[in-house]
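Report on the structure
Next come the chains, spelled out residue by residue.
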Amino acid sequence: MIDRIFVTDAAHDVAYTKQILIRHGGEWERIPDADWYRDHVEPDFHDPVGAGKRHLLLDVFPGSFLRKCPGTKGRICCNYWVIDQTTNCPFDCSYCFLQNYLNTRAIRFAVKVDDLWQELDNRFRSCGPIRVGTGELSDSLALEPLTGFGALLVRFAADYPNVTLELKTKSDAVDGLPEVHEMDGRFVVGWTLSPRRIVEREEIHTASLQERLDAMLRVSEKGYRVAVHLDPMILFPDAVTEYVQLMETVLEQHQQLAWLSMAGFRYETGLKRVLEKRFPDNGILEGEFSRCGDGKYRYLFSERVRLFRAVRQTVRRRSPGTPVYFCMEDRATWSCAFGSDSWKDELLASIMG
């Protein structure tokens with residue numbers, strides 16, 4: 001999955017860098033900094049986005065690692081906190097917003113984790129209950145066999161009883177995670193799932209749907225709770241039926257999930273240009289979209305609501321204790337799909353505050 005590793009001058013003498021290079025066991029290249037990569041490596045490739053997904057850049061990050069998810073203007077926020085220790089991802093999902101979001105195309109990995117631990121310690125010791133994860137600007141476990149970072153983070157967070165930690169992934173790389181049976185359900189592995197046809201067509205280089213389902217069972221045996229993210233949900237003929245069947249399959253294996261989040265496919269104009277260039281034969285932009293108040297294009301309101309409502313009804317019937325919420329949807333969507341004031345559901349209190 002990783003073809004080339006670049007090590008910046010600032011990261012060269014860091015102990016974690018050396019550990020990763022030993023695990024890799026292959027050749028690597030030393031460079032001055034991330035700007036050098038952008039100026040001297042990216043221009044060599046016709047598709048720098050695709051090439052960058054095979055390049056690991058070990059670096060030292062300035063500034064803060066932890067931030068509150070900014071949400072989207074006019075949308076209900078789930079009060080999630082994000083650790084930005086890694087940016088970019090080796091998976092190449094056609095719909096991924098990172099294609100048009102990041103300045104550096106390589107997977108940039110921060111090796112000075114002692115700085116991260118200090119920042120997290122300061123925050124965790126001074127706050128109340130907090131739900132935090134690593135899977136917004138990268139996949140939490142895609143590089144786990146090479147870096148072992150997920151396992152390090154779990155061991156660190158174990159000392160903070162107010163922290164619920166989620167590792168969000170489309171991989172099946174869970175076997176190196178430590179057991180957490182005595183941790184009161186504070187550790188969650190969340191999978192982004194899609195019907196099989198979407199996984200095979202749109203989610204390039206990810207674990208297959210069956211591999212993800214199998215990994216969900218293995219990680220449950222280690223004491224982790226399992227979460228599911230249907231994000232983005234993509235409309236196609238029989239989409240309602242297939243998303244419902246997908247959740248039926250999940251709930252046959254897991255009587256209750258830590259949570260289920262849903263969101264329809266949405267895009268900005270910049271992502272549309274990138275998608276059309278990188279995936280010219282892709283049909284993901286087919287269908288009717290409307291521009292919403294946040295500037296993003298979404299499926300027509302009635303179509304989104306029909307899909308969301310069907311999936312939620314299935315989950316309520318099969319697993320009434322599973323919290324279900326939206327990512328980046330407005331109050332009108334919540335009300336029409338779930339019912340008025342549904343964002344105040346007592347099941348959501350523990351995760352949305």
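Per chain, residues are indexed from 1 in the order of the written sequence. Residue-level local features of this predicted model are given only where pLDDT is at least 70; pairs of side-chain atoms are given and counted only at 80 or more, and the full residue set underlies all totals for whole chains, interfaces and linings. The side-chain numbers reported here are obtained from all heavy atoms of the structure, hydrogens and water having been left aside.

**Remarks on helix H6 (residues 149-157)**
Our working definition: Here the term buried applies to any residue with accessible area under 20% of the maximum for its type, exposed to any over 50%, and partly exposed to those in between, with areas from a 1.4 Å probe on protein chains only. Strands here are runs of E lasting at least two residues and helices are runs of H or I lasting at least four, both read from the DSSP assignment and numbered beginning at the N terminus.
Counted residue by residue, H6 has 7 buried out of 9 residues, so it is predominantly covered. All buried positions along H6 are accounted for by Phe149, Gly150, Ala151, Leu153, Val154, Phe156 and Ala157.

**Some thoughts on the sheet that holds strand E1 (residues 4-8)**
Inclusion rule: Think of it this way: DSSP has to see at least two bridges between two strands before they count as a pair.
An order of E2-E1-E3-E8-E6 is seen for the 5 strands of this open sheet, with the pairing classed as mixed. Strand pairing shows two members of the sheet lacking a second neighbour, strand E2 (29-31) and strand E6 (86-87), which therefore form its edges. Pairing geometry for E6 and strand E8 (residues 107-110), over 2 bridges, is antiparallel. Bridge pairing links Thr86 to Phe109 in E8.

**Side note on the sheet that holds strand E18 (residues 324-326)**
Counted only if it meets this: Axes here refer to lines fitted to C-alpha atoms; in helices the fit is confined to the stretch in contact. Angles between the N-to-C directions go from 0 to 180 degrees.
Taken together, the 8 strands give an open sheet; going across it, the order is E4-E5-E9-E10-E11-E13-E14-E18, and neighbouring strands pair in mixed fashion. Both edges of this open sheet fall to strand E4 (66-68) and E18, since each of them pairs with a single strand only. When strand polarity is set aside, the average angle formed by the axes of neighbouring strands in this sheet is 25°. Strand direction decides the pairing type here: strand E13 (residues 225-233) and strand E14 (residues 260-264), joined by 4 bridges, are parallel.

**Re the side chain of Ser171**
The line we're drawing: When checking whether two residues touch, look at their non-hydrogen atoms; a contact exists if any pair is within 4.5 Å.
Structurally, Ser171 is set in the loop between strand E10 (163-169) and strand E11 (187-192). Ser171 has contacts with Phe91, Asp139, Leu141, Ala142, Trp191, Ala207 and Arg212, leaving out every residue within four places of it along the chain.

**Some details on the pattern of salt bridges**
Pairing is possible between side chains that carry opposite charge, provided their charged atoms lie close to one another. What counts is decided by this rule: The working definition used for a salt bridge is a side-chain nitrogen of Lys or Arg within 4 Å of a carboxyl oxygen of Asp or Glu.
This model, assessed by the stated rule, comprises 20 salt bridges. One salt bridge in this structure joins Arg212 and Glu203, with 2.7 Å as the shortest N-O distance. As far as the burial class goes, Arg212 and Glu203 line up, both buried. Arg304 is the salt-bridge partner of Glu329, the closest N and O atoms lying 3.3 Å from each other. On the criterion of sequence distance, the pair formed by Glu329 in the loop between E18 and helix H12 (331-338) and Arg304 in helix H11 (residues 301-318) is long-range, its members being 25 residues apart. Arg304 gets classed as buried once you look at its relative accessible area, which sits at 4%. Residues joined by salt bridges that share partners form a network here, namely Asp47, Asp92 and Arg278.

Purely geometric numbers; function is a separate question.
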